[in-house]
Amino acid sequence: MSTRRSASKGTTKVIDLALQGGGAHGSFTWGVLDSLMDQEDLAIEAITATSAGAVNAAAFVSGYMKGGPEGAKQALHDLWFKMAAASALLPWQETPFDRLFQNDGLHCSPTFLALDFITRMWSPYRLNIFDFNPLREVVAEVVDFDAVRQCDAIKLFINATHVKTGKGRVFRPQEITLDVVMASACLPFIFKAVEIDGEAYWDGGYTGNPALYPLFYETKSEDVLIVQINPVHIEELPTEAPEILDRVNDISFNASLMPEIRAVMFVKKLIEQGKLAREDYKDVRLHLIETQHLMANLSRASKLNADWDFVQYLRDSGRQMARDWLQENFRHVGVKSSVDIQKIYL
């Protein structure tokens, strides 16, 4: 079944999506996807995604195959509602002090603080012997992976990190399984590596958050919309240990994206100078929905906070930022990049 909005109409614009990972912060992306589905003259050709972005993308494509845009929106709602319900059973929870100080994290949770300390001393192979991961059950319940693999409307590319070589691997549409999604979202300090065909994989954010190159080689659209949930810039120098860890996390999970952005700029410059033939190379137009001011004020700990009120707050923020982007920049799709790449990334 294909419920794809026709890209043949002159008024329909076609884009590719690049979805970053970031734990519970991925609920921001849920909101973005919700608003994009409300744009009737927009079609999505492909999605490349990592970690929480991969979880969102799998649910999105599964729902889209079954019920079009409304099916995709419903699948995302079901995913995050079930994740919030599952997280309510975990030993680490927001405390009244966390709510009082409005840090949206788990800084005052004794269980989380103990977990944060213990996972620096002992591996999941000692602490999480049975590899308990409530996310796996939720994803298995919400996502129809047969539908994802059969989808001819939206191509899905999922990124994971090969543990032994340190190389990123992009899983193509026909390869997408529950294990692939869980590998892309595998936090190595909490969960055992996910084995696929005898090879071990960790979170894809270390090597591609997300990888853009599949969109350059395997799609027709020249417009790529990046949904970035790890802030590139911050306003103040981190001086406390938790702040430093937060910033190291941001830098690490953006590092793999920067070289690909530079490559896009390099090719665009050569095309503009006439040194590369326009018909032989894709002149990629980049667009960005980012959470610079929102996420810069949220801690690394809040990525493990899937409290329903918190994820709804991020969802609503994502919806509004996507609406703002559509209003201000949708006219640029198919025409030119709508983001100052030099200023933000270089």
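Note: the structure precedes this text.
> Outline the overall build of the protein, supporting the account with residue identities and numerical values.
Per the secondary structure count, the protein includes 14 helices and eight strands. Relative to its 346 residues, the protein shows a buried fraction of 56%. Within the protein, counting contacts between residues at least 6 apart in sequence, those at least 24 apart form 76% of the total. Summed over all atoms, the accessible surface of the protein reaches about 16200 Å², with 55% contributed by carbon and sulfur.

> Could you give me a rundown of the pairing of strand β7 (residues 223-228), with the residues and numbers involved?
Burial analysis of β7 places six of its six residues in the buried class, which makes it a mostly covered element. Side chains Asp223, Leu225 and Val227 project from β7 onto one buried face, and the interleaved Val224, Ile226 and Gln228 project onto a second face that is buried too. Alignment of strand β1 (residues 13-19) against β7, held across four bridges, turns out to be parallel. Bridge pairing links Ala18 to Ile226 in β7.

> How would you sum up a negative patch on the surface? Please name residues and give values.
Taken together, the side chains of Glu235, Glu236, Glu240 and Glu243 make up a negatively charged region of the molecular surface. Here Glu240 falls in the partly exposed class, since its relative accessible area comes to 48%.

> Tell me what's going on with the packing of aromatic side chains, and back it up with residues and numbers.
According to the stated counting rule, one finds six aromatic pairs in the structure shown. Aromatic pair Phe81 and Trp308: ring centres 5.2 Å apart, planes at 85°, arrangement edge-to-face. You can see Phe81 sitting in helix α2 (residues 52-87) and its partner Trp308 sitting in helix α13 (residues 308-329), a full 227 residues away along the chain. Trp308 sits in the partly exposed class, given a relative accessible area of 22%. Centre to centre, the rings of Tyr206 and Phe253 are 5.2 Å apart; their planes meet at 40°, and the pair counts as tilted. On the criterion of sequence distance, the pair formed by Tyr206 in the loop between β6 (199-203) and α9 (213-218) and Phe253 in helix α10 (residues 241-255) is long-range, its members being 47 residues apart.

> Kindly report on the pattern of salt bridges, identifying the contributing residues and their values.
With the rule as written, the count across this model stands at 16 salt bridges. Its salt-bridge partner being Arg169, residue Glu175 comes within 3.1 Å of it at the nearest N-O pair. Under the relative-accessibility criterion, Arg169 is labelled partly exposed at 25%. A salt bridge links Arg319 to Asp316, with the shortest nitrogen-to-oxygen separation between them at 3.6 Å. Of this pair, Arg319 and Asp316 both sit in helix α13, three residues apart, which is roughly one turn of that helix.

> Explain the pairing of β1 residue by residue, including any values.
Most of β1 sits out of view: six of its seven residues are buried. One crossover worth recording links β1 to the parallel strand β2 (residues 42-50) by way of helix α1 (residues 27-37), and it is right-handed.

> Residues and numbers for the layout of surface pockets, please.
In this structure, the second largest pocket encloses a volume near 570 Å³. Along the walls of the second largest pocket sit 27 residues, with Ile234, Glu243, Ala296, Asn297 and Leu298 positioned nearest its centre. Every element with two or more residues in the lining of the second largest pocket is listed here: α10 and α12 (292-295). When residues of the lining of the second largest pocket are assigned to their parent elements, the largest contribution, six residues, is made by α10. In terms of residue class, the lining of the second largest pocket is made up of nine nonpolar, nine polar and nine charged.

> Lay out helix α11 (residues 257-272) with the relevant residues and their values.
Look at α11: 23 Å from first C-alpha to last across 16 residues, which is about the 22 Å you get at 1.5 Å a residue. Residues of α11 that are buried include every one of Leu257, Met258, Glu260, Ile261, Val264, Lys268, Leu270 and Ile271, and no others. Those residues of α11 that are buried are in contact with α9, β7, α10, β8 (285-290) and α14 (341-345). Looking one or two places after α11, you find Gly274, whose phi comes out positive at around 80°.

Cut-offs applied
Residues numbered from 1 in each chain as written. Predicted model: local features only at pLDDT ≥ 70, side-chain atom pairs only at ≥ 80, totals over all residues. Heavy atoms only, no water. Helix = DSSP H or I, 4+ residues; strand = E, 2+ residues; numbered from the N terminus. Buried < 20%, exposed > 50% of the residue type's maximum accessible area, 1.4 Å probe, protein only. Contact = heavy atoms within 4.5 Å. Areas by Shrake-Rupley, 256 points an atom, 1.4 Å probe, with all protein chains shown as cover. Pairing = 2+ DSSP bridges. Patch = residues over 30% accessible without salt bridge, like charges linked within 9 Å, V, L, I, M, F, W, Y side chains within 5 Å. Salt bridge = Lys/Arg side-chain N within 4 Å of Asp/Glu carboxyl O. Lys, Arg positive; Asp, Glu negative; His and termini not counted. Charge placed at Lys NZ, Arg CZ, Asp CG, Glu CD. Phe/Tyr/Trp six-rings, centres within 6.5 Å; stacked < 30°, edge-to-face > 60°. Right-handed = clockwise from strand over helix to strand, strands pointing away. 1 Å grid on protein atoms, 1.4 Å probe; cavity = no way out; pocket = protein on both sides within 12 Å on 5 of 7 lines; lining within 4 Å. Points joined across faces, edges and corners; volume = space filled by probe spheres on them. Nonpolar A, V, L, I, M, F, W, Y, C, P; charged D, E, K, R; others polar. Expected span 1.5 Å × (residues − 1).

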